[in-house]
Amino acid sequence: MKRVVISSSEAAGQFADPSFSAAVIGWQKQHGRHALPWQQTRDAYRVWLSEIMLQQTQVAAVIPYYQRFLSSFPDVQTLAAAPSEEVMAHWSGLGYYTRARNLHRCAQRVVAEHGGIFPHDPLLLQDLPGIGRSTAAAIAAFSYGVQAAILDGNVKRVFARVFGIDGYPGAKPVEDAMWRRAVALLPEQGVESYTQGLMDLGATLCTRSKPSCQTCPLAQRCVALATDRVGQLPVRKPKKAIPEKHTGMLVIVDRHQVLLEQRPDSGIWGGLLSLPEMAPGILSKADFDAALNRAVAAFGPVASCEPLQPFTHVFTHFKLQISPFQIALERRLDGVAQANYVWYPVEKLANAPLPAPVKKLLLEVFREADLFA
């Protein structure tokens, strides 16, 4: 098999250490993970799908989504041809929805530009939507045996501790130095086991809290362990106050259907269906009633409005305080409904392409109807 080698003579001279990769490979073959669903194939489509899902998501959460995706979209051609709402419905609940939109666009480009075959070259992979440098390297290594370096969060943690790297790994100078080291440490043989071994070490032994240093194959060379800094490395990102946003969500029900809005592709929950919203924080009842009637006017006059239990949903960069209200209409004005709204059957909500907190809210609202057995 032809291998593509990505190297740097300067980095190799400074950081090269064949004993490091040998220790990782030896440990992975004996103690690493070997039974994950995506490890039983070299199919680039399946490898790519798993790598995208594993971005910012734990393995246990990914496995059922991965299996459902393959059941509905067994190959890249099927995924590329699927309606976007179907793709988003399969992703619903997995979070970070930009990944799903990029996943769909990536499949379409692989079909259109590469004949349905994922490229071998990490640079070509990196040009596709949703695939960064580390993900491209992982896909190329696991699918084609390409000698390319990964540097995901787990690997950064391993490197920071083993080599005693100070500084926040997300800072560009620190990250650049880690990339040089990652390239220099690549083995000449066994890149698949080495790449998987780095992932496994970070995920199972060199964890963020309570690492298992006593069973780590790199313990003897670990600077953090020797200097009692395992808990301090890697250096954490400087904390910032998490801003809060507020919204009112309207659960408008009529004829055993609930009104849903198609969200724009950009922004939070992009491309998903969600509930119509209105600005919260209105103080007087008269002002609230006026705002509510304006928000609902296109769909019919309000017969009743019942406040539901407020809740908070935490995103990466902010908290969203949600105040939901259940609305009943006197009569529905079907003729003036807007194009980005849909009356959705209540009995189909469990499989709708909804954000996880919105789906949870709706299932709780309608659970008494015994529709979600």
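For clarity, every value in this text was computed on a predicted model and none was experimentally measured.

Description of the packing of helix H3 (residues 44-54) against helix H9 (residues 133-144)
Here comes step 1: Between H3 and H9, whose axes approach to 9 Å, the crossing angle comes to 145 degrees. The two elements H3 and H9 meet at a crossing, and its hand is right-handed. Mapping the contact onto sequence places Ala44, Val47, Trp48, Glu51 and Ile52 in H3 and Thr135, Ala138, Ile139, Phe142, Ser143 and Tyr144 in H9.
Here comes step 2: Each residue belonging to the contact of H3 with H9 can be placed in one class, and the counts come to eight nonpolar, two polar and one charged.

A short note on the packing of helix H6 (residues 84-91) against helix H7 (residues 98-114)
Here comes step 1: Contact geometry for H6 and H7: axes closest at 10 Å, N-to-C directions at 135 degrees. Relative to H7, the element H6 is oriented oblique. With respect to the hand of their crossing, H6 and H7 are arranged in right-handed fashion. Across from Ser84, Val87, Met88 and Trp91 in H6, the residues of H7 making contact are Arg99, Ala100, Arg101, Leu103 and His104.
Here comes step 2: Classifying every residue of the contact of H6 with H7 gives five nonpolar, two polar and two charged.

A word on the packing of aromatic side chains
Here comes step 1: All chains considered together, the criterion is met by 13 aromatic pairs.
Here comes step 2: Note on Tyr45 and Trp48: the rings are 5.8 Å apart at their centroids and 40 degrees apart in plane angle, and the pair reads as tilted. Of the two residues, Tyr45 and Trp48 both sit in helix H3, three residues apart, roughly one turn of that helix.
Here comes step 3: A relative accessible area of 4% means that Tyr45 is categorised as buried.

Calculation notes
Residues numbered from 1 in each chain as written. Predicted model: local features only at pLDDT ≥ 70, side-chain atom pairs only at ≥ 80, totals over all residues. Heavy atoms only, no water. Axes fitted to C-alpha atoms, helices over the stretch in contact; angles between N-to-C directions. Helix = DSSP H or I, 4+ residues; strand = E, 2+ residues; numbered from the N terminus. Left-handed = near helix turned anticlockwise from the far one by under 90°. Contact = heavy atoms within 4.5 Å. Nonpolar A, V, L, I, M, F, W, Y, C, P; charged D, E, K, R; others polar. Parallel < 35°, antiparallel > 145°, perpendicular 65-115°, else oblique. Phe/Tyr/Trp six-rings, centres within 6.5 Å; stacked < 30°, edge-to-face > 60°. Buried < 20%, exposed > 50% of the residue type's maximum accessible area, 1.4 Å probe, protein only.

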